[in-house]
Amino acid sequence: MVRKRRSDTPGSGEGSEPQETGVGRGAVQRPPAQLQQPHQPQPPYEPQQPQQPQQPQQQGGGGRGWAPQRGGYGGRGGGGGRMAPPQHYGGPPEYQQQARGGQQYQRGGGAPRRGAYSGGRGEAPFAGGPSRPPAPELHQAATQSPYQATMTQPIQYGSPAETLRGASSSFQPPEPTDVEVSEQIQQLSIQPDVAPSQEMQPASSKSVRFPLRPGKGSNGTRCIVKANHFFAELPDKDLHQYDVSITPEVTSRGVNRAVMAQLVKHYRDSHLGKRLPAYDGRKSLYTAGPLPFVAKEFKITLTDEEDGPGTARREREFKVVIKFAARADLHHLGMFLQGRQADAPQEALQVLDIVLRELPTSRYSPVGRSFYSPDLGKRQPLGEGLESWRGFYQSIRPTQMGLSLNIDMSSTAFIEPLPVIDFVTQLLNRDVSARPLSDADRVKIKKALRGVKVEVTHRGNMRRKYRISGLTSQATRELTFPVDERGTMKSVVEYFQETYGFVIQHTQWPCLQVGNTQRPNYLPMEVCKIVEGQRYSKRLNERQITALLKVTCQRPQERELDILQTVHHNAYAEDPYAKEFGIKISEKLAQVEARVLPPPWLKYHDSGREKDCLPQVGQWNMMNKRMVNGGTVNSWICINFSRNVQDSVARSFCHELAQMCSTSGMAFNPEPVLPVLTGRPDQVERVLKARYHDVTTKLQPHKKELDLLIVILPDNNGSLYGDLKRICETDLGIVSQCCLQKHVYRMSKQYLANVSLKINVKVGGRNTVLVDALSRRIPLVSDRPTIIFGADVTHPHPGEDSSPSIAAVVASQDWPEVTKYAGLVCAQAHRQELIQDLYKTWQDPVKGTMHGGMIKELLISFRRATGQKPQRIIFYRDGVSEGQFYQVLLYELDAIRKACASLEPNYQPTVTFVVVQKRHHTRLFANNHHDRHAVDRSGNILPGTVVDSKICHPTEFDFYLCSHAGIQGTSRPAHYHVLWDENKFTADALQSLTNNLCYTYARCTRSVSIVPPAYYAHLAAFRARFYMEPETSDSGSMTSSAVGGRGAGPGGRTTRPPGANAAVRPLPQLRDNVKRVMFYC
């Protein structure tokens, strides 16, 4: 599935459809009374005069202190507080020791007071605060006292923060040696205490144990849902594995399978003891019971199907050696499923998977774990010579209910089996005989056809197949080749005329080059037809993505029926391989206990008519509400790059937008600094820089800066959007808001309200805050300073062989509210999944070893913004496949540890590391589609539905959470898997926290499908693609989890620990004032 690109306009944010319905207030419980009492705000502290910077104290390793600096929030123009600039990687002087005073959520009547945070009294760095004992090893930190349920003291709005006492110091970081690091890794093998009921046996040498499930959750309203998992009975057969070697060796699994099929057909009864083996297409063969030999050699002849009847067909001889390798052990799989063994026996699972894939592999076109065929549903044209095929995904998974077969519907792009001439006509979308091909046309044709298999049509029944390696640089009429040893040359046109009596019509076109590049064969395009059943693995354009989404988008009830039909059609009870191995598959969807978690109360500003709000079915709106911290926009300008939008229209749009921002609670100057300017899209850089110069010249005498740039873009703007963001964010240091021409004309209230939400967080405001965060009632977040990270890596599209992957990390910058996130991005090696810049060291000629990286920079930034050092870290990591859990945890947790230790010796906050997965195939359906109380308007399960039993992991701490309301199609729940937990979360605490955070996403008034920090990291990584490759902005980047391959094969992702990597061009640095705010929203 291709993830659809989100543009900068909120119209494309998750679920930004118009929301007509006001929030009903039927029998809704109000929040606790203490939150309703207006507090008299106390006056903020006077900001101190800026002190002279202290000279950094040179202490050995140069580990910088991280005292807070003045004005973490509440900076320019009192705008709801911008985020403090996260630290550069280079190591500037010590931070000034001044931190925030109190928070002000204005209570009572009167105009809302700006400046959510005022400057406060100086505070020391991390002196005195509770510090954990030194524990750099990676075993789980000591259990903390259980969460105290008594913490319901609301924050006194406007009361000063507690002042820490102590003096500034420069921390000398202990530099871990190689020996220490290897000791740390060995420490990982220490297993956590296991409940007596679960006597785990060590099953493998895996050094880390993921946390066990801390019991099941109980919050929320209980219900039953159905899941697309089908119970599979564990066979009691004696499985044997045999090594297979086929010579001469071929790379094609198809040929290997054909060889093995011949062998089984001829020798099954005579030599294989009547057994029906399952084959993986490579080196392994599996049987249910032993073969009557330990090793045996077979001779197999394959007759080539490529030549039609009537001619002598090519025959190929193969030698096949089958040798006993091992007995595959199902006993340990049974133990694992019962929770009596820690590790999944992957080999046994793999055998069962191969057995169940054997039959569909022979019937359909296999792609990854899916199977496609024109017989499984109607083909749909996608444009430019592509069509979509329907199919199904199938995977066997260990779950709490035992083995389960996960089946889901799927569609993907295949190349239409057209004559090559017709394919090229569709690809270029014009009559190709009219004018010669341009260089751009040639490149496009070559890209689309390289690696594609074609068959020739000019030899009657002889349909020989070839693979295209390229195009000739000359036209067909100019091509000649040697016909004998003497070097006699003949033209391709003559040769086809004389040998086949075929007259080439399109002599001005290039020929296809087939076979190897050393001895190329030339085939005129018109004698070639594309072979059916070839998947298109390169990048789709926007129109093709839209067409494919239309095909795959199914309402839950239809999808459920299709899945049931697929299982029925696959007839596993009749499958000879399943029978042979004794695997029985249920034909009923698994029924699973679920709970619907309640939505959280959201806090809005007291000057609005509604001061708080309880979302209904995952959504609400801004009517009668004002942002809890409105930002300030004093100075703004508008540039219009759409020539269809007249100046008067642009002016009135800006006026309406400014009014909407004011109504929503921002302090927004109705007049721009300079009038609207119309610019040419092809001169974006010149226009931006000239206008920025003009506006700076006008503002500088008044000591003001530009707060916001509003940009109007044409609907189809190619690379304009990406270029603009790159110039604004990495060159000029301007926060911008782009609006498409179609929205400027419509000017709908809903659209303007959504844009105002984005503008507010881009200028440092907050839209809403969880009521429970303000009243300090969020378990394991409110009781002590907690920072929440989100991290993601986006990889380049298949087919882009060299462009780097991009990692993004965001971290909350406010506590206890946890709604503002600062973000950092970096480029790293192509398809590298481990985030390389989390922690890094380098040598400074003067200061010696320096420490830096994204974690350190964000921790310092949190410290400066809140005046606190985090004592707890919650790290949501997006886009990691199961095969990479161990490597990602080992590498990234170690980086977090080192980053903390580099700030202060023995500084080791407790860490919880959670992987967030969206690219899985589990779908949840209402038990009764007609029960109006069990589904939302789209027919999907209700937002807040959580499942942590039956279809989840047999022993580990994971859960499925559908936190959003569906819009169209079938909702995909997010899967959360805890890989490390020193904070000792209960199931309820982590599930509720995750669900509640989904209501704090800044870009729309809906709960979203994955936890916002992970979502923001995805947006930031996506944005950074534009900094690097402005020319590819017409389509989104593949997210890390979208890659089909597992491991590091071609196109797969690699998790080798990053070394001094092959030159990856670093991204241009974000400007300081940009990285303080949520610029990526």
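Participant: I'm lost on the overall build of the protein chain in this one. Help?
Facilitator: Scanning the protein chain from terminus to terminus reveals 21 helices and 44 strands. Buried positions account for 58% of the 1081 residues belonging to the protein chain. Considering only residue pairs separated by 6 or more positions, the protein chain has 76% of its internal contacts joining residues 24 or more positions apart. In the form shown here, the protein chain has an accessible surface area of approximately 44,300 Å², with 49% of it arising from carbon and sulfur atoms.

Participant: What is the right way to look at the sheet that holds strand β24 (residues 602-603) in this model?
Facilitator: Whenever strands of a sheet pair, they do so through backbone hydrogen bonds, lying parallel or antiparallel. With antiparallel pairing, the 3 strands of this open sheet are ordered in space as β25-β24-β32. The sheet is open, and its two edges are formed by β25 (612-613) and β32 (769-770), each paired on a single side. In terms of strand pairing, β24 meets β32 through 2 bridges, oriented antiparallel. When the sheet's bridge partners are listed, Lys-603 is paired in β32 with Val-769.

Participant: What exactly am I supposed to notice about the packing of aromatic side chains here?
Facilitator: Each aromatic ring pair is described using two quantities: the centre-to-centre distance and the angle formed by the ring planes. Tallied over the full model, the rule gives 26 aromatic pairs. Taking 6.0 Å as the distance between ring centres and 85 degrees as the angle between the ring planes, the aromatic pair formed by Tyr-495 and Tyr-500 counts as edge-to-face. Judged by its relative accessible area of 27%, Tyr-495 falls in the partly exposed class. Classification of Tyr-500 as partly exposed rests on a relative accessible area of 29%. Between Phe-496 and Tyr-500, the ring centres sit 5.5 Å apart and the planes meet at 50 degrees, which makes this aromatic pair tilted. Of the two residues, Phe-496 and Tyr-500 are both situated in helix α7 (residues 492-500); the distance of 4 residues between them amounts to about one turn of the helix. The class of Phe-496 is buried, set by a relative accessible area of 3%. One aromatic cluster is present, formed by Tyr-821, Tyr-1001, Tyr-1015, Tyr-1016, Phe-1079 and Tyr-1080 through successive ring pairs.

Participant: I'm lost on the nonpolar core in this one. Help?
Facilitator: One broad trend across soluble globular proteins is that nonpolar side chains are buried collectively. Among the nonpolar cores identified, the biggest contains 137 residues, and Phe-789, Tyr-876, Tyr-976, Tyr-1016 and Tyr-1080 are the most heavily contacted of them. Residues Val-244, Val-320, Leu-337 and Ala-578 belong to the second largest nonpolar core, which totals 54 residues.

Participant: Looking at this model, I keep getting lost on unusual backbone geometry. Mind explaining?
Facilitator: Across the chain, the bulk of peptide bonds are trans and the bulk of non-glycine residues have phi less than zero. Each neighbour pair has its own omega, and for Thr-247 with Pro-248 the value is -5 degrees, a cis peptide bond. Locating Pro-248 in the fold gives a position in the loop between β5 (239-247) and α2 (253-271). Here Trp-815 and Pro-816 are connected by a cis peptide whose omega angle stands at 15 degrees. Looking at where Pro-816 falls in the secondary structure, it is placed in the loop between β34 (805-812) and β35 (821-828). Although it is not a glycine, Val-617 sits at a positive phi angle of roughly 50 degrees. Along the chain, Val-617 turns up in the loop between β25 and β26 (632-633). Here Val-617 falls in the partly exposed class, since its relative accessible area comes to 43%. Phi is positive for Met-747, close to 55 degrees, though the residue is something other than glycine. Along the chain, Met-747 falls in the loop between α14 (741-746) and α15 (749-762). We classify Met-747 as partly exposed; its relative accessible area is 22%.

Participant: Explain the sheet that holds strand β21 (residues 528-530) to me, please; I cannot follow it from the model alone.
Facilitator: Taken together, the 5 strands give an open sheet; going across it, the order is β20-β19-β16-β15-β21, and neighbouring strands pair in antiparallel fashion. Each having just a single partner strand, β20 (521-524) and β21 make up the two edges of the open sheet. For this sheet the average axis-to-axis angle between neighbouring strands, irrespective of direction, equals 55 degrees. Across 4 bridges, strand β16 (residues 465-475) lies against strand β19 (residues 510-514) in antiparallel orientation.

Participant: What am I meant to see in the pattern of salt bridges here?
Facilitator: Any two side chains of opposite charge can pair if their charged atoms end up close together. Under the criterion given, the structure shown has 43 salt bridges. Lys-689 serves as the salt-bridge partner of Glu-685, at 2.9 Å between the closest nitrogen and oxygen. Placement of both Glu-685 and Lys-689 in helix α12 (residues 684-699) is noted, with a separation of 4 residues, approximately one turn of the helix. Residue classification places Glu-685 among the partly exposed positions, given a relative accessible area of 35%. A relative accessible area of 32% places Lys-689 in the partly exposed class. As a salt-bridge pair, Asp-694 and Arg-691 come within 4.0 Å of each other at their nearest N and O atoms. Of this pair, Asp-694 and Arg-691 both sit in helix α12, 3 residues apart, which is roughly one turn of that helix. Sharing partners across several salt bridges, the network here consists of Arg-379, Glu-387 and Glu-532.

Participant: What is the right way to look at helix α8 (residues 542-552) in this model?
Facilitator: Each α-helix winds once per 3.6 residues, and so residues spaced three or four apart point in a common direction. Of all the positions in α8, only Gln-544, Ile-545, Leu-548, Val-551 and Thr-552 are classed as buried. Taken end-on, α8 shows its buried residues confined to a sector of 120 degrees, consistent with a single buried face. Turned more than 90 degrees off the buried face of α8, the exposed positions are Arg-543 and Lys-550. Buried residues along α8 sit in contact with β12 (380-383), β13 (386-399), β14 (402-415) and α9 (556-570). Between the side-chain oxygen of the N-cap and the backbone nitrogen of Arg-543 there are 3.1 Å, and the N-cap of α8 in question is Asn-541.

Participant: Looking at this model, I keep getting lost on α12. Mind explaining?
Facilitator: When the terminal C-alpha atoms of α12 are compared, their 22 Å separation across 16 residues agrees well with the 22 Å that a helix rising 1.5 Å per residue should span. Three or more residues of α12 are buried, namely Val-684, Val-687, Leu-688, Arg-691, Val-695 and Leu-699. Relative to the axis of α12, the buried residues are bounded by an arc of 95 degrees and lie together on one face. Turned more than 90 degrees from where α12 packs its buried face, Arg-686 and His-693 sit exposed. Among the structural elements, β27 (636-640), β29 (677-678), β30 (708-713) and α13 (720-732) are those in contact with the buried residues of α12.

Participant: Is there a simple way to think about the packing of α13 against helix α20 (residues 1012-1028) in this case?
Facilitator: Helices that pack against each other are described as a pair by the angle of their axes relative to one another and the distance between those axes. Two elements in contact, α13 and α20, have axes whose closest approach is 8 Å; the angle formed by their N-to-C orientations is 90 degrees. Judged on the interaxial angle alone, α20 and α13 are roughly perpendicular. On the side of α13, the interface is formed by Tyr-721, Gly-722, Lys-725, Arg-726, Glu-729 and Thr-730, while α20 contributes Arg-1023, Phe-1026 and Tyr-1027. In the contact of α13 with α20, the residues fall into 3 nonpolar, 2 polar and 4 charged.

Participant: I keep staring at the side chain of Ser-411 and nothing clicks. Help me out?
Facilitator: Take Ser-411: it is sitting in strand β14. Here Ser-411 falls in the buried class, since its relative accessible area comes to 6%. Those residues within four positions of Ser-411 in sequence are excluded, and the remaining contacts are Tyr-372, Trp-389, Arg-390, Leu-548, Val-551 and Thr-552.

Participant: Help me out: how do you make sense of the environment of Thr-507 in this one?
Facilitator: Within the secondary structure, Thr-507 sits in the loop between α7 and β19. For the pair Thr-507 and Thr-476, spaced 31 residues apart in sequence, the C-alpha separation works out to 5.0 Å. Among all residues touching Thr-507, those that are not within four sequence positions of it are Ala-475, Thr-476, Arg-477 and Val-493.

Definitions and cut-offs
- Residues numbered from 1 in each chain as written.
- Predicted model: local features only at pLDDT ≥ 70, side-chain atom pairs only at ≥ 80, totals over all residues.
- Heavy atoms only, no water.
- Helix = DSSP H or I, 4+ residues; strand = E, 2+ residues; numbered from the N terminus.
- Buried < 20%, exposed > 50% of the residue type's maximum accessible area, 1.4 Å probe, protein only.
- Contact = heavy atoms within 4.5 Å.
- Areas by Shrake-Rupley, 256 points an atom, 1.4 Å probe, with all protein chains shown as cover.
- Pairing = 2+ DSSP bridges.
- Phe/Tyr/Trp six-rings, centres within 6.5 Å; stacked < 30°, edge-to-face > 60°.
- Core = buried A, V, L, I, M, F, W, Y, C linked by side-chain atoms within 4.5 Å.
- Axes fitted to C-alpha atoms, helices over the stretch in contact; angles between N-to-C directions.
- Salt bridge = Lys/Arg side-chain N within 4 Å of Asp/Glu carboxyl O.
- Arc of directions from axis to C-beta.
- Polar contact = N/O pair within 3.5 Å; in protein donor to acceptor, adjacent residues only side chain to side chain.
- Expected span 1.5 Å × (residues − 1).
- Parallel < 35°, antiparallel > 145°, perpendicular 65-115°, else oblique.
- Nonpolar A, V, L, I, M, F, W, Y, C, P; charged D, E, K, R; others polar.

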